[in-house]
Amino acid sequence: MEEGILYKKEYFTRLEEFASLAPEAFRTFIAFDQQVMESGSLDLKLKELAAIAVAHTTGCPYCIELHVGNAKAAGASKEEMGEAILTAAALKAGSALAHGVNALNAYDEKEDDILYKKEYFNRLSEFSKLVPAAFQSFAAFDAEAVKGGTLSVKEKELIAVATAHTTGCPYCIEVHTKAAKAAGASMEDTAEIIMVAAALKAGSALAHGVNALNAYDS
């Protein structure tokens, strides 16, 4: 490891060391990851675009590098990649805003012991009065990010579902699962895209493990 450099493409080659450090867990993860990324109800290109979106949510540069290459090989255009990334950006920002309804409840000292209820999401509109310009700008960005373009609304909403499972926002999961269904996504489509999110979130933790190996050896 070069002094002061935390991320370098060549570091990713250390990933295979986990095959001897934790062999059974590593083997089963690789099998899971490979199974998830096979074509099924969804084609490989969409799965790889969703993987790119999730990788931008987890912030893993190794995953971004890997899945951009895979998506390109699967036929994804740069425009499709851009739309997937902007969908992820909208969802990551949207998750922060959606959780703001919990902040409103906390500020108002709500005595309800239940922290998440569908009805709480109705408070989101209060931000249009608290910070009107920023709220309107976000709403415009969010609507633009998920509307049909080089990717269809169905494809974008499925990418949004994957991203929402990565940010852990129950409000976003509710909204975008229903939107994906309305756009024609099947239960199988939805399940497959969730598995992509699961594989990428686990894969991000493992990929960052090469940094732990570098740190341990330094």
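Heads up: these notes are all about the structure in this document. Computed from a prediction, not measured in an experiment: that's the story for all the values here. (Residues numbered from 1 in each chain as written. Predicted model: local features only at pLDDT ≥ 70, side-chain atom pairs only at ≥ 80, totals over all residues. Heavy atoms only, no water.)

## Points about the overall build of the protein
- The number of helices and strands found in the protein is twelve helices and zero strands.
- Listing each helix as α and each strand as β along the protein from the N terminus yields α-α-α-α-α-α-α-α-α-α-α-α.
- The C-alpha atoms of the protein give a radius of gyration of 19 Å, which matches the 17 Å a tight globule of 218 residues would have.
- When its C-alpha atoms are laid out on the principal axes, the protein stretches across 55 × 40 × 30 Å.
- A burial count over the protein gives 39% of its 218 residues as buried.
- As displayed, the protein offers around 11800 Å² of accessible surface, 60% of which is attributable to carbon and sulfur atoms. (Helix = DSSP H or I, 4+ residues; strand = E, 2+ residues; numbered from the N terminus. Rg over C-alpha atoms; globule rule 2.2 N^0.38 Å. Buried < 20%, exposed > 50% of the residue type's maximum accessible area, 1.4 Å probe, protein only. Areas by Shrake-Rupley, 256 points an atom, 1.4 Å probe, with all protein chains shown as cover.)

## Points about the pattern of salt bridges
- Counted under the stated rule, the structure contains 15 salt bridges.
- Ionic pairing is found between Glu126 and Arg123, a salt bridge with its closest N-O pair at 2.7 Å.
- Glu144 is paired through a salt bridge with Lys147; the nearest N and O atoms lie 3.2 Å apart.
- On the accessibility criterion, Glu144 (45% relative accessible area) is partly exposed.
- Among the ionic contacts, a cluster of salt bridges with common partners joins Arg14, Glu17 and Asp217. (Salt bridge = Lys/Arg side-chain N within 4 Å of Asp/Glu carboxyl O.)

## So, the nonpolar core
- Ranked by internal contacts, the top residues of the largest apolar core, which has 39 residues, are Leu49, Leu158, Ile159, Ile193, Val196 and Leu200.
- In this structure, Val196 is in contact with Val36, Met37, Lys47, Ala50 and Ala51, ignoring residues within four places of it in sequence.
- Counting 15 residues, the second largest nonpolar core, distinct from the first, contains Leu104, Tyr120, Leu124 and Cys172. (Core = buried A, V, L, I, M, F, W, Y, C linked by side-chain atoms within 4.5 Å. Contact = heavy atoms within 4.5 Å.)

## Concerning helix α10 (residues 170-182)
- Compared with the 18 Å implied by 1.5 Å per residue over 13 residues, the 18 Å span of α10 between its first and last C-alpha is a close match.
- Taken together, the buried positions of α10 are occupied by Tyr171, Cys172, His176 and Ala180. All buried residues of α10 fall inside an arc of 145 degrees around its axis, so they share one side. Of the residues in α10, the exposed ones pointing more than 90 degrees away from the buried face are Lys178, Lys181 and Ala182.
- Considering only its buried residues, α10 is in contact with α5 (78-98), α6 (100-107), α8 (132-146) and α9 (153-167).
- At the C-terminal side of α10, Gly184 shows a positive phi close to 110 degrees. (Expected span 1.5 Å × (residues − 1). Arc of directions from axis to C-beta.)

## Looking at the packing of α5 against α9
- Between α5 and α9, whose axes approach to 9 Å, the crossing angle comes to 45 degrees. As the angle between them shows, α5 and α9 are arranged oblique. The handedness of the crossing between α5 and α9 is right-handed. Within the contact between the two elements, α5 uses Glu83, Ala84, Thr87, Ala88, Leu91, Lys92 and Ser95 and α9 uses Lys156, Ile159, Ala160, Thr163, Ala164 and Thr167.
- A class-by-class count of the residues in the contact of α5 with α9 yields six nonpolar, four polar and three charged. (Axes fitted to C-alpha atoms, helices over the stretch in contact; angles between N-to-C directions. Parallel < 35°, antiparallel > 145°, perpendicular 65-115°, else oblique. Left-handed = near helix turned anticlockwise from the far one by under 90°. Nonpolar A, V, L, I, M, F, W, Y, C, P; charged D, E, K, R; others polar.)

## Describing the packing of helix α11 (residues 187-207) against helix α12 (residues 209-217)
- Between α11 and α12, the shortest axis-to-axis distance is 4 Å and the interhelical angle comes to 15 degrees. The orientation of α11 relative to α12 falls into the category roughly parallel. Every residue of α12 that contacts α11 at Ala205, Leu206 and Ala207 is listed here: Gly209, Val210 and Asn211.
- Classifying every residue of the contact of α11 with α12 by side-chain character gives four nonpolar, two polar and no charged.

## What about the packing of aromatic side chains?
- A full pass over the atoms with the stated rule returns three aromatic pairs.
- Here the aromatic rings of Phe12 and Tyr62 are separated by 5.5 Å at their centres, their planes lie at 20 degrees, and the arrangement is stacked. Of this pair, Phe12 sits in the segment before α1 (18-21) while Tyr62 is found in helix α4 (residues 61-73), placing the two residues 50 residues apart along the sequence.
- Note on Phe12: relative accessible area 24%, which makes it partly exposed.
- Relative to Tyr171, the ring of Phe121 lies with its centre 5.5 Å away and its plane at 20 degrees, an arrangement referred to as stacked. Taken together, the positions of Phe121 in the loop between α6 and α7 (127-130) and Tyr171 in helix α10 put the pair 50 residues apart, joining distant regions of the chain.
- Looking at Phe121, the relative accessible area reads 26%, which means it is partly exposed.
- Here the aromatic cluster, defined as three or more aromatic residues joined through ring pairs, consists of Tyr116, Phe121 and Tyr171. (Phe/Tyr/Trp six-rings, centres within 6.5 Å; stacked < 30°, edge-to-face > 60°.)

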